[in-house]
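Chain and residue survey
For reference, the chains in residue letters:
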Amino acid sequence: MSRVTASTSIEQNPLQAILLMTLAMLIVPVMDIIAKYLSAELPALEITFGRFFFQFLICFVLALVGGRLTRLKGKQPLINYLRGILLALASLSFFTAVKYMSVATAISIFFVEPMILTILAALLLKEQVGIRRIGAIVVGLAGAIIILRPNIAEIGWVSLLPVCTAVLFSFYLVINRLYPVTDDLLTIQFSAGLSASLLLGGALLFGAFFQVEDMEFVRPTSSQTGLLFTVGLISFAAHGLVVAAFQRGTASLLAPLQYVEIVSATLFGYLVFSDFPDGPTWVGIALIIASGLYIAHRERKKKSDDQTDTVPEI
């Protein structure tokens, strides 16, 4: 689970953008597969802490080697830390979900995020939402319900955690709309890693002190520590790849490629856990992808119409 947008003056190169985005979407589910594997012996809270702690450590080392420590504070430190907290809660929700359900199913449900973001933008940012996008939202949520129904029956309300992840990530994107990113990639990742590590580390200490189930720290083995480092490394690398992709290609070109994540999650989930979505789940996935792509199309058209003073969407 990983989304980000970026813009810069780097020369456009659509082929490079497609390759970078595709690579990012192929490796992101590996992080989730490792999290699911580790969840058999480690709490999801500890796995999430490991992801952000090692991400923070990687950024710190790179900044130290590059002589950039003084720049890590950033221009918007409080906003950057808020972004990190939202990402930490979203990741915790998602890693908890994949403990109980397949990675492909969890990622598919998470992709209701464009629908939730559209709703939040209308409610919080007072953005105009036309009848066509409302229809797409209904279709996408119907797809999510199709996927969720058997999961709710089998594992209970924990199956709603990917929806919770989508809500938290949508708030993260709303923050980005209100306060556009002004810092470089290393600073953003460092801030997210630091704030998330402090929040999740504090929760682990609380769980250990009060002996709260699923919040107590379990001392990882050397191999588990290596896997936690790999999760942090993938998080850092995938974020960088997506940013680099958006620097070289337009959102309209790259948006459809994010759904490659479902394909790679299905492949890795099958190879590692023998998980494979059934027929109704694929129907739900198709509805979510179709509505997500249509919402992206209407967003681009609305921006184009606004820039040319044409009639707004209805």
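Residues numbered from 1 in each chain as written. Predicted model: local features only at pLDDT ≥ 70, side-chain atom pairs only at ≥ 80, totals over all residues. Heavy atoms only, no water.

Here we come to the overall build of the chain. Along the backbone of the chain there are 12 helices and 0 strands. Seen in sequence order, the chain has helices and strands lined up from the N terminus as α-α-α-α-α-α-α-α-α-α-α-α. The C-alpha radius of gyration computed for the chain amounts to 19 Å, which stays within 12% of the reference 20 Å derived for 314 residues, consistent with globular compactness. Seen through its C-alpha atoms, the chain measures out along the principal axes to roughly 60 × 50 × 35 Å. In the structure as shown, the chain presents an accessible area of about 14800 Å², 68% of it carried by carbon and sulfur atoms. Each charge class in the chain was averaged separately, 21 positive and 20 negative side chains, and the resulting centres sit 7 Å apart. (Helix = DSSP H or I, 4+ residues; strand = E, 2+ residues; numbered from the N terminus. Rg over C-alpha atoms; globule rule 2.2 N^0.38 Å. Areas by Shrake-Rupley, 256 points an atom, 1.4 Å probe, with all protein chains shown as cover. Lys, Arg positive; Asp, Glu negative; His and termini not counted. Charge placed at Lys NZ, Arg CZ, Asp CG, Glu CD.)

Within the structure shown, the criterion is met by 14 aromatic pairs. With a centroid separation of 5.6 Å and an interplanar angle of 20°, the aromatic rings of F49 and F53 are classed as stacked. With F49 and F53 both in helix α2 (residues 44-65) and 4 residues apart, the pair spans about one turn of that helix. Relative to Y259, the ring of F111 lies with its centre 4.8 Å away and its plane at 45°, an arrangement referred to as tilted. (Phe/Tyr/Trp six-rings, centres within 6.5 Å; stacked < 30°, edge-to-face > 60°.)

Mapped onto the secondary structure, R248 falls in helix α9 (residues 222-248). No salt bridge is formed by the buried R248. Its closest oppositely charged neighbour is E11, at 9.1 Å. Discounting residues that sit within four places of it in the chain, R248 has contacts with I10, E11, Q12, N13, P14, Q16, A17 and L20. (Buried < 20%, exposed > 50% of the residue type's maximum accessible area, 1.4 Å probe, protein only. Salt bridge = Lys/Arg side-chain N within 4 Å of Asp/Glu carboxyl O. Contact = heavy atoms within 4.5 Å.)

Core analysis: the biggest nonpolar cluster contains 70 residues, and M21, I47, F94, F95, I107, V112 and L254 have the highest contact counts within it. Among the elements that take part in this core, helix α1 (residues 14-38) stands out by supplying 10 residues, more than any other. Setting aside its immediate chain neighbours within four residues, I47 contacts A35, L38, S39, L42, F95 and L228. (Core = buried A, V, L, I, M, F, W, Y, C linked by side-chain atoms within 4.5 Å.)

Mapped onto the fold, F56 is located in helix α2. For F56, a relative accessible area of 17% puts it in the buried group. Distance from F56 to A192, taken between C-alpha atoms, is 7.6 Å for residues 136 residues apart in sequence. When sequence neighbours within four positions are dropped, the list of residues in contact with F56 reads F190, G193, L194 and S197.

For the rest of this paragraph, the subject is the pattern of salt bridges. Think of it this way: side chains of opposite charge can pair up when their charged atoms draw near. Inspection of the entire model under this criterion finds 4 salt bridges. Salt bridges sharing common partners tie together R68, R71 and D184.

Let's shift gears to helix α6 (residues 131-155). Under the 1.5 Å per step criterion, the end-to-end length of α6 is 35 Å for 25 residues, consistent within 8% with the ideal 36 Å. If you check which residues of α6 are buried, you get R133, A136, I137, G140, G143, A144, I147, L148 and N151. Just beyond α6, the residue with positive phi is G156, at close to 85°. (Expected span 1.5 Å × (residues − 1).)

A few words now on the side chain of Q189. Residue placement: Q189 occurs in helix α8 (residues 185-210). Note on Q189: relative accessible area 2%, which makes it buried. In this structure Q189 touches Q55, C59, S235, F236, H239 and G240, once residues within four positions along its chain are discounted.

Along its 14 residues, helix α11 (residues 260-273) runs 19 Å from first to last C-alpha, staying within 8% of the 20 Å computed at 1.5 Å per residue. Those residues of α11 that sit buried are E261, I262, S264, A265, T266 and G269. Of the residues one or two after α11, S274 is the one with positive phi, at around 60°.

What follows is about the confidence of the model for the chain. Of the residues in the chain, 94% have a pLDDT of 70 or more, and the chain-wide mean is 91. Taken together, the stretch residues 4-8 has pLDDT below 50 and engages in 9 contacts with residues farther than four places along the chain or on a different chain. Scored below 50 in pLDDT, residues 308-314 shows 12 contacts in the model against residues more than four places distant or in partner chains. (pLDDT = per-residue confidence, 0-100.)

So, on to a nonpolar patch on the surface. A cluster of nonpolar residues, L57, F60, V61, L64, V65 and L69, forms a patch on the protein surface that exposes about 510 Å² of accessible area. In this structure, L57 sits in helix α2. What makes L57 partly exposed here is its relative accessible area of 34%. (Patch = residues over 30% accessible without salt bridge, like charges linked within 9 Å, V, L, I, M, F, W, Y side chains within 5 Å.)

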